[in-house]
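# A look at the structure
In case you want the letters, here they are:
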Amino acid sequence: VSSWRTDFTIVVAIITSIFFAKLVHMQWRNASDFNAVFWKAGFPNVFVDKVKVQLRNALLGINILVNGGLGALIVVFNFFFLMISKNVNEAIINSLALFFILEMDDTLRPDW
């Protein structure tokens, strides 16, 4: 059964998914830039111990995972989350909740 509410929900899902995809791409690019600057700033010389080098590499990998990989999952969840919404208002509220999750780490971190 297709109604204008269902059609509008699909439009909202597509538009917000495009918005989230752009936002995730920017976050992934910024995380990659941060890792490159961290690497070039001479920090590899500080980490002499093999365990510390592995820890540094793990932390840089987690940075990429959180800002890129999990963000990409939010783009996918956004579309399905909005499609199961009962009405347009619920779809918009669900999309705002996903936006909050995506931006929470940027809000809580200090400015570098």
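Quick caveat: nothing in here was measured; it's all calculated off a predicted structure.

So, on to the environment of I93. Its location among the elements puts I93 in helix α4 (residues 88-108). Distance in space between the C-alpha atoms of I93 and L82 is 9.3 Å, their sequence separation being eleven residues.

Caution applies to low-pLDDT parts of the model: their predicted coordinates are not meant to be read in detail. Across the protein, the average pLDDT comes to 77, with 80% of residues at 70 or higher. By mean pLDDT, the top-scoring element of the protein is helix α1 (residues 4-40) (82), and the lowest-scoring one is helix α2 (residues 43-46) (57).

Counted by the stated rule, this structure contains four aromatic pairs. An angle of 50° between the planes, with centres 5.8 Å apart, marks the rings of F19 and F20 as tilted. Its relative accessible area of 1% is what places F20 among the buried residues. Both rings, one in F19 and one in F99, keep their centres 5.8 Å apart while their planes meet at 40°; by these two values the pair is tilted.

What follows concerns the nonpolar core. Among the nonpolar cores identified, the biggest contains seven residues, and these are F20, L23, V24, I74, V75, L98 and L102. When contributions to this core are tallied by element, the ones reaching two or more residues are α1, α3 (50-83) and α4. In terms of residue count, α1 provides more of this core than any other element does, three residues in total.

Within the secondary structure layout, K22 lies in helix α1. The class of K22 is exposed, set by a relative accessible area of 54%. When the C-alpha atoms of K22 and V75 are compared, they prove to be 9.6 Å apart, with 53 residues separating the residues in sequence.

Rules behind the numbers
- Residues numbered from 1 in each chain as written.
- Predicted model: local features only at pLDDT ≥ 70, side-chain atom pairs only at ≥ 80, totals over all residues.
- Heavy atoms only, no water.
- Helix = DSSP H or I, 4+ residues; strand = E, 2+ residues; numbered from the N terminus.
- pLDDT = per-residue confidence, 0-100.
- Phe/Tyr/Trp six-rings, centres within 6.5 Å; stacked < 30°, edge-to-face > 60°.
- Buried < 20%, exposed > 50% of the residue type's maximum accessible area, 1.4 Å probe, protein only.
- Core = buried A, V, L, I, M, F, W, Y, C linked by side-chain atoms within 4.5 Å.

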